[in-house]
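Observations on the model geometry
These are the residues of each chain, in order.
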Amino acid sequence: AQKITQTQPGMFVQEKEAVTLDCTYDTSDPSYGLFWYKQPSSGEMIFLIYQGSYDQQNATEGRYSLNFQKARKSANLVISASQLGDSAMYFCAMREGTGANNLFFGTGTRLTVIP
Amino acid sequence: KAGVTQTPRYLIKTRGQQVTLSCSPISGHRSVSWYQQTPGQGLQFLFEYFSETQRNKGNFPGRFSGRQFSNSRSEMNVSTLELGDSALYLCASSLAVQTGVTDTQYFGPGTRLTVL
């Protein structure tokens, strides 16, 4: 089974509007971390935001916020006030508390911001 | 503080050759992980090095190997290249002061390898 599922291959948003990118995860480990990364066409993965499984509040970083619904096993990224520079691939990733230190990535969502 | 650097950025090789990619982590970071990104398989974990020791390994053949030096710089090597090895190879570093889920990985710009 996929550990991270991103069901939206592509999304469009109008400049200055908000957009939600979906991410669901699958783990039986009670301790885990969820990450979102942005990958522009240049290829570099840019860390955006982190949410821990025991965090009581949803994470926020500037225009990025994470809508964490533990019971639903979802960790959606919300980008407010979209900018043209937000056009990129967005990846959701998870690290489990036990076992290896690596990240499991979803297939990504390509976001296009329309002027 | 400088980010993760990877060299070279682009590489073209032919089948059967071998290649070495280099990664310099963020200063103070002790863990270096390598990932392969392809359109078909997405992002897949290759291996992680910590204190010059391979700590974790993904499901890749033995043609893929790596090492880490005392200054935390890492190299990965792919021997007997195949067409399917064409990919973007990403290196990520993290503090890894203690194990746990909060250790954030910061990625370099990647090395794009093309095998002809």
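Data block above holds the structure.
Reference entry: report on the structure contained in this document. (Residues numbered from 1 in each chain as written. Chains lettered and ligands numbered in written order. Predicted model: local features only at pLDDT ≥ 70, side-chain atom pairs only at ≥ 80, totals over all residues. Heavy atoms only, no water.)

1. Things to note about the interface of chain A and chain B
When the parts of a complex come together, some accessible area is lost, and that lost area is often taken as the interface size. Tallying the contact residues gives 21 residues for chain A and 21 residues for chain B. Summing the contributions of chain A and of chain B, the shared interface buries around 1,700 Å²; its carbon and sulfur component is 55%. Remark: the boundary between chain A and chain B carries zero salt bridges. Those elements that provide at least two residues to the side of chain A that touches chain B are strand 5 (32-39), strand 6 (46-52) and strand 10 (88-96) of chain A. By residue number, the principal contributor to the side of chain A that touches chain B is strand 5 of chain A, which donates five residues. The class makeup of the residues in the side of chain A that touches chain B is ten nonpolar, eight polar and three charged. (Contact = heavy atoms within 4.5 Å. Buried area = accessible area lost by both parts, 1.4 Å probe. Salt bridge = Lys/Arg side-chain N within 4 Å of Asp/Glu carboxyl O. Helix = DSSP H or I, 4+ residues; strand = E, 2+ residues; numbered from the N terminus. Nonpolar A, V, L, I, M, F, W, Y, C, P; charged D, E, K, R; others polar.)

2. Here we look at the side chain of B:Gln105
With respect to the helices, strands and loops of the structure, B:Gln105 is situated in the loop between strand 9 (87-94) and strand 10 (106-107). At a separation of 2.9 Å, a polar atom in the side chain of B:Gln105 contacts the side chain of B:Tyr35. The contacts of B:Gln105, once residues within four sequence positions are left out, are A:Tyr37, A:Phe47, A:Arg95, A:Asn101, A:Asn102, A:Leu103, B:Ser33, B:Tyr35, B:Ala92, B:Ser93 and B:Ser94. (Polar contact = N/O pair within 3.5 Å; in protein donor to acceptor, adjacent residues only side chain to side chain.)

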